[in-house]
Amino acid sequence: MHRSLALILLWTAAVFAQAPATPVSPKDRAAFEAIIKDYLLKNPGIIREAIERLRAMEEAEQAQKVSAALAQNRASLLNDPDSPVAGNPKGDVTVVEFFDYNCGYCKKVAGSLLDLAARDPNVRIVYKEYPILGPESVEAARAALVAHKQGKYLAFHQAMMTGSGRGAQAIQAALTKAGVDSKQVAKETADPAIARIIERNQKLAAALDIQGTPAFIIGDQIVPGALSADSLAIMVKGERAKAAGQKNP
């Protein structure tokens, strides 16, 4: 059955390959289209098989692109000095999170990350400010990065993730709770250097095909969605085992 289809397609290719020198007549084209139509009507499963194969090819191609992008951007992911770090700065496994302060799922998972760090003293967490939900998200990200410059990022981050509301009021409440110098924030949020950090994160997310928040990167895995502390722990354990296997093949 598949052999018949292959022969038809080969015949088609041969005919159309000669098109510039020998144009296909309307009669030949109609005959070919009738053969294809008849074959597909008798064997509709071929269409499903072709679609599934195409989808698999596209997924494999996308996976290769993402893998290459991870390798090319490893330093930016793990060692950007402008990206806040929590947990053990010298941990053997790093969890990178792209998030938005106005993302409900990000708020839900914030505690899971800190729970993971408390349970596993060798985990390192890198926060990537990725404000994609509007101007209020950008404003919050800018304030967070100023708090980072003052050494009070994590306190501000936790205040934002556990607080209610959004916008200027919520940001100011988090700044106060974290003990951040509000006057300094007002001066520095407009600093082009702060904007460039966010822009770098946005370009990095685009390169990795990250389209929403939260999104986690552990080793060569990119996992979107609100993961539990247990799910994160399983991924960390897997990455640790993989690293150990590479050292001791």
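Residues numbered from 1 in each chain as written. Predicted model: local features only at pLDDT ≥ 70, side-chain atom pairs only at ≥ 80, totals over all residues. Heavy atoms only, no water.

Undergrad: Whenever I open this one, helix α2 (residues 26-42) confuses me. Can you help?
TA: Turn by turn, an α-helix covers 3.6 residues, leaving residues three or four places apart pointing in a common direction. If you check α2, its first and last C-alpha atoms are 24 Å apart, about what 17 residues at 1.5 Å a residue would give, namely 24 Å. Within α2, the full set of buried residues consists of F32, I36 and Y39. Down the axis of α2, the sector holding all buried residues measures 65°, keeping them to one side. Exposed side of α2, more than 90 degrees from the buried face: P26, K27, K37, L41 and K42 are the residues found there. (Helix = DSSP H or I, 4+ residues; strand = E, 2+ residues; numbered from the N terminus. Expected span 1.5 Å × (residues − 1). Buried < 20%, exposed > 50% of the residue type's maximum accessible area, 1.4 Å probe, protein only. Arc of directions from axis to C-beta.)

Undergrad: When you look at the nonpolar core in this model, what are you seeing that I'm missing?
TA: Note that soluble globular proteins tend to have their nonpolar side chains buried in a common cluster. Counting residues in each nonpolar core, the largest one holds 43 residues, and the members touching the most others are V95, Y101, F156 and L232. Considering every element that reaches this core, the biggest residue donor is helix α6 (residues 135-149), with seven residues. Residues within four places of Y101 in sequence aside, it is in contact with K107, E129, A140, A141, A144, Y153, F156, H157, M160 and M161. One finds L77, Y130, L208 and I210 within the second-largest nonpolar core, a separate group that totals 14 residues. (Core = buried A, V, L, I, M, F, W, Y, C linked by side-chain atoms within 4.5 Å. Contact = heavy atoms within 4.5 Å.)

Undergrad: Is there a simple way to explain the pairing of strand β4 (residues 215-218) in this structure?
TA: When a strand is regular, its side chains alternate between the sheet's two faces. Going residue by residue along β4, you find A215 and I217 tucked away on one face and F216 and I218 tucked away on the opposite face as well. As paired elements, strand β2 (residues 93-99) and β4 share four bridges and run antiparallel to each other. Looking at β4, one finds that E97 is bridged to F216. Pairing geometry for β4 and strand β5 (residues 221-224), over four bridges, is antiparallel. What sits directly across from A215, in β5, is P224. Counting the residues between successive antiparallel strands, the hairpin from β4 to β5 contains two residues, one of them, G219, with a positive phi of roughly 65°. (Pairing = 2+ DSSP bridges.)

Undergrad: Can you walk me through the packing of aromatic side chains in this structure?
TA: Per the stated rule, a full pass over the model turns up five aromatic pairs. For the pair F99 and Y127, a centre-to-centre distance of 5.9 Å together with 80° between the ring planes defines the contact as edge-to-face. With F99 in strand β2 and Y127 in strand β3 (residues 123-129), this pair connects stretches of sequence that are 28 residues apart. Note on Y127: relative accessible area 2%, which makes it buried. For the ring pair Y101 and F156, a centre distance of 5.9 Å and an interplane angle of 80° mean the geometry is edge-to-face. (Phe/Tyr/Trp six-rings, centres within 6.5 Å; stacked < 30°, edge-to-face > 60°.)

Undergrad: When you look at helix α8 (residues 168-178) in this model, what are you seeing that I'm missing?
TA: Of the positions making up α8, those classed as buried are A170, I171, A174, L175 and A178. Down the axis of α8, the buried side of the element spans an arc of 135°, and every buried residue falls inside it. For α8, the exposed residues set more than 90 degrees away from the buried face come down to Q169, T176 and K177. Packed against the buried residues of α8 are α6, α7 (153-162) and α9 (182-188). Once α8 ends, the next one or two residues include G179, with phi positive near 75°.

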